[in-house]
Amino acid sequence: MKILLKLRRQENPTAKPYFQTFAYEGNNNISVANLLNILNSRENLTDVSGKKAAKISWECSCIEKKCGACAMVINHKPRLACDSFLEDLISESNEIIVEPLRKFPKVRDLRVDRRSIFTGMNEMKMWIEGDAVLNDDDYSSHYLSSRCIMCGCCLEACPNFNTENGFMGAVGIVTASKIINQNKEGSHRKEVEKNAIEHFFSSCDQTMACYNVCPMEIPIDDMLVRVSKGFVTS
Amino acid sequence: MNQNMIVIGAGFAGLCASIQAAEKGYQVALVSPMPSERAQSVMAAGGMNAVLNTKGENDTFEDHIADTVRSALGIASEKAISKMVHSAPGIVDRLIKEGVLFTRMADGNLDLRRFGGQKKARTAFSSSGTGKQIITGLNQVVRKYEVQGKIVRYSNHTYMRIVEDANGVVVGCVIRDNLEGKFLVLNGESVIIATGGFNGIMGNTTGSVNNTGAVTANLFFNGVEMANLEFVQYHPTTVYVSGKRLLVSEAARSEGGRLFSIRNGERWYFMEEWFPGVGALVSRDQCSKSIYRALKMLPEGEKHVYLDMTFFDEKVFKTKLAETRSDCLKYLKLDPMKDVIPVYPGIHYFMGGIKVDSEHRTSKKGLYAAGECACQYHGANRLGGNSVLGALYGGLEAAETAMQDNHTIYSRDELKVFNKKALSRLDRNLKMVVGKPKQYSIPATQMALQKIMNECLGIERNATTLLEGIRRMDELYDERIKDNYDQTSSYFKNLQVKERWVLSKAILLCALGRKESRGSHMREDYPEQNDEAFAKMTLAKLKDNNISIQFVDVE
Ligand SMILES: Cc1cc2nc3c(=O)[nH]c(=O)nc-3n(C[C@H](O)[C@H](O)[C@H](O)COP(=O)(O)OP(=O)(O)OC[C@H]3O[C@@H](n4cnc5c(N)ncnc54)[C@H](O)[C@@H]3O)c2cc1C
Ligand code: FES
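Calculation rules
Residues numbered from 1 in each chain as written. Chains lettered and ligands numbered in written order. Predicted model: local features only at pLDDT ≥ 70, side-chain atom pairs only at ≥ 80, totals over all residues. Heavy atoms only, no water. Helix = DSSP H or I, 4+ residues; strand = E, 2+ residues; numbered from the N terminus. Buried < 20%, exposed > 50% of the residue type's maximum accessible area, 1.4 Å probe, protein only. Contact = heavy atoms within 4.5 Å. Areas by Shrake-Rupley, 256 points an atom, 1.4 Å probe, with all protein chains shown as cover. Lys, Arg positive; Asp, Glu negative; His and termini not counted. Charge placed at Lys NZ, Arg CZ, Asp CG, Glu CD. Salt bridge = Lys/Arg side-chain N within 4 Å of Asp/Glu carboxyl O. 1 Å grid on protein atoms, 1.4 Å probe; cavity = no way out; pocket = protein on both sides within 12 Å on 5 of 7 lines; lining within 4 Å. Points joined across faces, edges and corners; volume = space filled by probe spheres on them. Nonpolar A, V, L, I, M, F, W, Y, C, P; charged D, E, K, R; others polar. Pairing = 2+ DSSP bridges. Axes fitted to C-alpha atoms, helices over the stretch in contact; angles between N-to-C directions. Buried area = accessible area lost by both parts, 1.4 Å probe. Polar contact = N/O pair within 3.5 Å; in protein donor to acceptor, adjacent residues only side chain to side chain. Domains from an automatic or database assignment. Near = heavy atom within 4 Å. Phe/Tyr/Trp six-rings, centres within 6.5 Å; stacked < 30°, edge-to-face > 60°. Lys NZ or Arg CZ within 6 Å of the ring centre and 35° of its normal. Core = buried A, V, L, I, M, F, W, Y, C linked by side-chain atoms within 4.5 Å.

Points about the overall build of chain A
Part 1: Check the secondary structure of chain A and you find nine helices and seven strands.
Part 2: Dimensions along the principal axes, computed over C-alpha positions, put chain A at roughly 65 × 35 × 30 Å.
Part 3: Counting every position in chain A, which comprises 234 residues, the buried fraction comes to 57%.
Part 4: Of the contacts formed within chain A by residues at least 6 apart in sequence, a portion of 64% connects residues at least 24 apart.
Part 5: Carbon together with sulfur atoms contributes 48% to the accessible area of chain A, which is approximately 9,900 Å² in total.
Part 6: Charged side chains in chain A number 29 positive and 30 negative. The centres of these two groups are separated by 6 Å.

Laid out in structure tokens, this is it:
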């Protein structure tokens, strides 16, 4: 079966976006990441109408769902391209729509500027002062917190997030849930807690859209409860 | 005045180097095209080695050194290995203090795995996602220094070339801002390269496609010496999926996973037959070779090897192999709790790379290298769990050496002259490729190059295929690289093709020159190890457009 990949493209941050469609025929048990690589390594890349096309700009690194580089919007849902298989995507239509994350400034094609996630982490002071406090009961929750790949899917889905308002969404609170817990009682821990309120609790209206899109299936709800419980007891 | 260090690459080695320097008051520029969350280090699964002796096996530093030296087969520096081994427990301790979680036993002590080729259990781990846990911890430390202004991250930046003074000493580098598309020059008394293995030269590896090998290739092109390039590790248990090789972590064999094939309708546990008592837990080179041999003995159509984990306790999958199981479910649609996994050896690690001394100095003054991009610690074969350690320790050690070495301090004006020269060279090189008549696609050329490398540098090599490979390389150059400019690829990608091509050719020449079999370098035409001639390091150098290969004594 012929699969059509409808791609939202944009040459540079200020250029006008447009859609371009590419055709693929072959094994459907491949990921969108693999398909993008296949298209880019064609000797001559042309779209369905036979028009010569520039190579598709996108980010990837591990191609096995471990690094978060390849987050994009596929069939209207934020996901990882290396974790989205053609055979699952074409159940309703043979056209797959691929777009960049919309909440972040565009760079080119599927590449966006996600720097705000990382500067946000610094603003929230997400580190540990002194030796980390380790507690057996928290092991599994802390392990899951550290699995966050900072891909941005949660922020893309979140109605409260934009890159200007300082709201850090699930990526912020998932990280904070471990950092707060691993810090000793004291001024740094207090500061991180304050930052968690400012960059998260003050704006989160708990739609939990993040929960349904997290590729690492992090139990965001659990972590939220853990952090707020900590506030009550401290 | 501040002392400045530039670190290229933000995986284990780059992060450790940056932290070490910042801690000592240095001003660090940390460059990587993507944030650390996307570095190959996050993929590390099985764990890191350290003599922690929590299993009552009386493990000692001497044991760890002996296992590493034995597996390196005479071509790694014992002095360097010994220092690394002695530092390992301290590194684990430091990571724990930074909040990194390691899997523990019921008694509260760290659990340890026994990886292939090691006599004792010595691999500390966090389930099967050790790399990500460690990166998260190191990132936290770097973040603190970033806020203090001691480390400035240049994420979204790519290394372009080094800046040298009038005597060829490295005093900085040119990087490219990938968001703005502009060049930027950074100056520092030392530059540490920590850019990972040259995956992109071979393609189809278990690692990150972002480790293109471009930096290694560029340095080789600019006269930096390389060592042991022919030593490429094939991991015994990988599976080809959706455009890449997926690793089934050695943790699976460490837990008792069994390898078998089907012979005359029955399961043939060839590893257990050939290595009684040890089975699949021999070193990786031996295991990969055995799979290769077993397959050769089987008739066409029946050449399959499987990994059996179905008899493991459910708890093992939960606590020790969580990521391994979920990778199998996702990418293979197989459940290792119920199904056997078809496996085949795949390219996993590069023992060779930038030549460094036991303190991580490269052949160029002012330039240091650590982590997988550097040739250190592993010799002819790397033990599982030793490369996470080698990268973490190597980063710390490289930074320490760089801080202790004497460097000429230049004034701003003097540096400006050097910077200008580096920029104009870059500009000249770029201008030389732009507008050339042929228009072959760069990614397609890259794939053709990788294809040659894969076909000639398999688990087993011989002179005929290597010479044929070199001939095909020359042909590829004449046809697709010379006088070519692909307008649909960036101009620096166009520029890099030739550099990669030269490095690839050097790798083939190293493999051709080493007329013996040793560790991961298996020559069909020279099946024996020849210590007299080759218990040496393969040294590759580019001078006046000629690749020279020599065999020199190990430090
Ligand atoms: C799937 C898998 C599992 C593994 N499991 C284990 C294990 O259990 N135990 C073990 O000991 N080892 C393991 N390894 C090996 C080990 O993880 C790596 O050798 C180690 O992480 C390398 O670290 P590094 O710091 O040298 O480089 P990397 O982590 O590869 O980082 C390289 C850095 O360089 C940057 N870079 C690349 N190109 C450029 C450029 N042009 N300009 C600037 N920066 C650049 C990258 O962005 C990245 O930040 C595993 C490897 C893989 C692939
Ligand atoms: S490329 Fe790493 S998550 Fe997709």
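So, the side chain of A:Arg111
Part 1: Considering the arrangement of structural elements, one finds A:Arg111 in strand S7 (residues 111–112).
Part 2: The charged side chain of A:Arg111 is buried without a salt bridge, its nearest counter-charge being A:Glu59 at 4.3 Å.
Part 3: Contacts of A:Arg111, omitting those with residues within four sequence positions, involve A:Ser57, A:Trp58, A:Glu59, A:Lys106 and B:Asn178.

Some points on the layout of surface pockets
The gaps left among the atoms become clear once a water-sized probe is rolled over them.
Part 1: Each pocket or cavity is described by its volume, and for the second largest pocket that value is around 950 Å³.
Part 2: Around the second largest pocket, the lining is made up of 31 residues, and of these A:Tyr143, B:Ser127, B:Lys318, B:Thr319 and B:Ala322 lie nearest the centre.
Part 3: Of all the elements in the fold, those that place two or more residues in the lining of the second largest pocket are helix H4 (139–146) of chain A together with helix H10 (314–319) and helix H11 (322–332) of chain B.
Part 4: A per-element tally of the lining of the second largest pocket places H11(B) first, with seven residues.
Part 5: For the lining of the second largest pocket, the per-class residue count stands at ten nonpolar, six polar and 15 charged.

Focus: the environment of B:Ala29
All names here are of chain B.
Part 1: With respect to the secondary-structure elements, Ala 29 resides in strand S2 (residues 27–32).
Part 2: Ala 29 sits 24 residues away from Met 5 along the chain, and the two C-alpha atoms are 6.4 Å apart.
Part 3: Those residues within four positions of Ala 29 in sequence are excluded, and the remaining contacts are Met 5, Ile 6, Val 7, Val 152, Tyr 154 and Leu 186.

Observations regarding the sheet that holds strand S5 (residues 95–99) of chain A
All names here are of chain A.
Part 1: Taken together, the five strands give an open sheet; going across it, the order is S2-S1-S5-S3-S4, and neighbouring strands pair in mixed fashion. Since the sheet does not close on itself, it has two edges, and those belong to strand S2 (18–25) and strand S4 (77–80), each with one partner. Strand-to-strand twist in this sheet, taken as the mean axis angle between neighbours without regard to direction, amounts to 35°.
Part 2: Note: strand S1 (residues 2–9) against S2, eight bridges, orientation antiparallel. Bridge pairing in S2 links Leu 4 to Ala 23.

Regarding the interface of chain A and chain B
Part 1: Residue-level contacts link 55 residues of chain A with 53 residues of chain B.
Part 2: For the pair chain A and chain B, the summed buried area comes to about 4,500 Å², and 52% of that belongs to carbon and sulfur atoms.
Part 3: There are eight salt bridges connecting chain A and chain B.
Part 4: For A:Glu43, the salt bridge is made with B:Arg480, and the minimal N-O distance between the two is 2.9 Å.
Part 5: Taken together, the links from chain A to chain B amount to 30 residue pairs in polar contact (both at pLDDT 80 or more).
Part 6: Contributing elements (two or more residues each) for the side of chain A that touches chain B: helix H1 (32–40), helix H3 (115–123), H4 and helix H6 (169–182) of chain A.

Points about the domain arrangement of chain B
Residue and element names in this part refer to chain B.
Part 1: Split into domains, chain B comes out as domain 1 (236–347) and domain 2 (420–552).
Part 2: Taking only C-alpha atoms, the centre of domain 1 and the centre of domain 2 are 32 Å apart.
Part 3: Between domain 1 and domain 2, the residue contacts involve eight residues of the former and seven residues of the latter.
Part 4: Each partner contributes to the roughly 580 Å² buried at the junction of domain 1 and domain 2, and carbon and sulfur atoms together form 65% of this total.
Part 5: Interface area lost by domain 1 to domain 2 is led by Asp 285, Lys 289 and Tyr 292, which between them contribute 62%.
Part 6: Scanning the region where domain 1 abuts domain 2 turns up three residue pairs in polar contact (both at pLDDT 80 or more).
Part 7: For the side of domain 1 that touches domain 2, the leading source of residues is helix H9 (residues 284–297), giving six residues.
Part 8: Partitioning the side of domain 1 that touches domain 2 into residue classes produces three nonpolar, one polar and four charged.

As for the site of ligand 1
Residue and element names in this part refer to chain B.
Part 1: Around ligand 1, 38 residues are found, and the nearest of them are Ser 41, Gly 46, Asn 211, Glu 372 and Ser 387.
Part 2: Ala 10 has a polar backbone atom sitting 2.8 Å from an oxygen atom of ligand 1.
Part 3: Interatomic distance of 2.7 Å between a backbone N/O atom of Gly 46 and an oxygen atom of ligand 1.
Part 4: Computed on the free molecule, ligand 1 has an accessible area of 1,000 Å², of which 98% lies beneath the protein chains in the complex.
Part 5: If you list the elements that add at least two residues to the shell around ligand 1, you get helix H1 (12–23), S2, strand S7 (157–164), strand S17 (341–350) and helix H12 (386–404).
Part 6: Sorting elements by how many residues they give to the shell around ligand 1 places H12 first, with four residues.
Part 7: Grouping the constituent residues of the shell around ligand 1 by class yields 17 nonpolar, 19 polar and two charged.

Brief notes about the packing of aromatic side chains
Part 1: By the definition in use, this model includes 17 aromatic pairs over all chains.
Part 2: Seen from their ring centres, B:Phe534 and B:Phe551 are 4.9 Å apart, and the 80° between their planes marks the pair as edge-to-face. Of this pair, B:Phe534 sits in helix H17 (residues 531–534) while B:Phe551 is found in strand S24 (residues 546–552), placing the two residues 17 residues apart along the sequence.
Part 3: For B:Phe534, a relative accessible area of 9% puts it in the buried group.
Part 4: On the accessibility criterion, B:Phe551 (24% relative accessible area) is partly exposed.
Part 5: Each residue in the set A:Phe167, A:Phe200 and A:Phe201 is aromatic and connected to the rest through ring pairs, giving one cluster.
Part 6: Its end group placed over the ring of B:Trp268, B:Arg263 keeps NZ or CZ at 4.0 Å from the ring centre.

Overview of the domain arrangement of chain A
Residue and element names in this part refer to chain A.
Part 1: Structurally, chain A comprises domain 1 (2–112) and domain 2 (115–230).
Part 2: One C-alpha centre belongs to domain 1, the other to domain 2; they are set 30 Å apart.
Part 3: Of the residues lining the interface, 15 residues belong to domain 1; the matching set on domain 2 comes to 16 residues.
Part 4: Roughly 1,200 Å² is buried in total at the junction of domain 1 and domain 2, and carbon and sulfur atoms are behind 65% of that figure.
Part 5: Three residues, Pro 78, Lys 103 and Phe 104, lead the burial of domain 1 against domain 2; their summed loss comes to 48% of the area buried on that side.
Part 6: Applying the counting criterion to the domain 1 and domain 2 interface returns zero salt bridges.
Part 7: Summed over the shared surface of domain 1 and domain 2, the result is five residue pairs in polar contact (both at pLDDT 80 or more).

What to know about the nonpolar core
Part 1: A:Leu36, A:Ile96, A:Val98, A:Val171, B:Leu259 and B:Ile341 are the most contacted members of the largest nonpolar core, which totals 101 residues.
Part 2: No other element matches the seven residues that H6(A) contributes to this core.

A look at the pattern of salt bridges
Part 1: As enumerated under the stated definition, the model contains 60 salt bridges over all chains in all.
Part 2: A salt bridge links B:Lys144 to A:Glu129; the shortest N-O distance between them is 3.0 Å. With B:Lys144 in helix H4 (residues 130–147) and A:Glu129 in the loop between H3 and H4, the pair connects residues from two separate chains.
Part 3: A network of salt bridges, in which partner residues are shared, links B:Lys83, B:Asp357, B:Glu359, B:Arg361, B:Glu397 and B:Asp405.

Thoughts on the sheet that holds strand S8 (residues 170–177) of chain B
All names here are of chain B.
Part 1: Read across the sheet, three strands follow the order S7-S8-S9 without closing on themselves; strand pairing throughout is antiparallel. The open sheet is flanked by S7 and strand S9 (182–187), the only strands paired with a single partner. Geometrically, the sheet is characterised by an average inter-axis angle of 25° between neighbouring strands, direction not taken into account.
Part 2: Bridging between S7 and S8 involves seven bridges; their strand directions are antiparallel. Pairing of Arg 161 across the sheet is with Val 174, part of S8.

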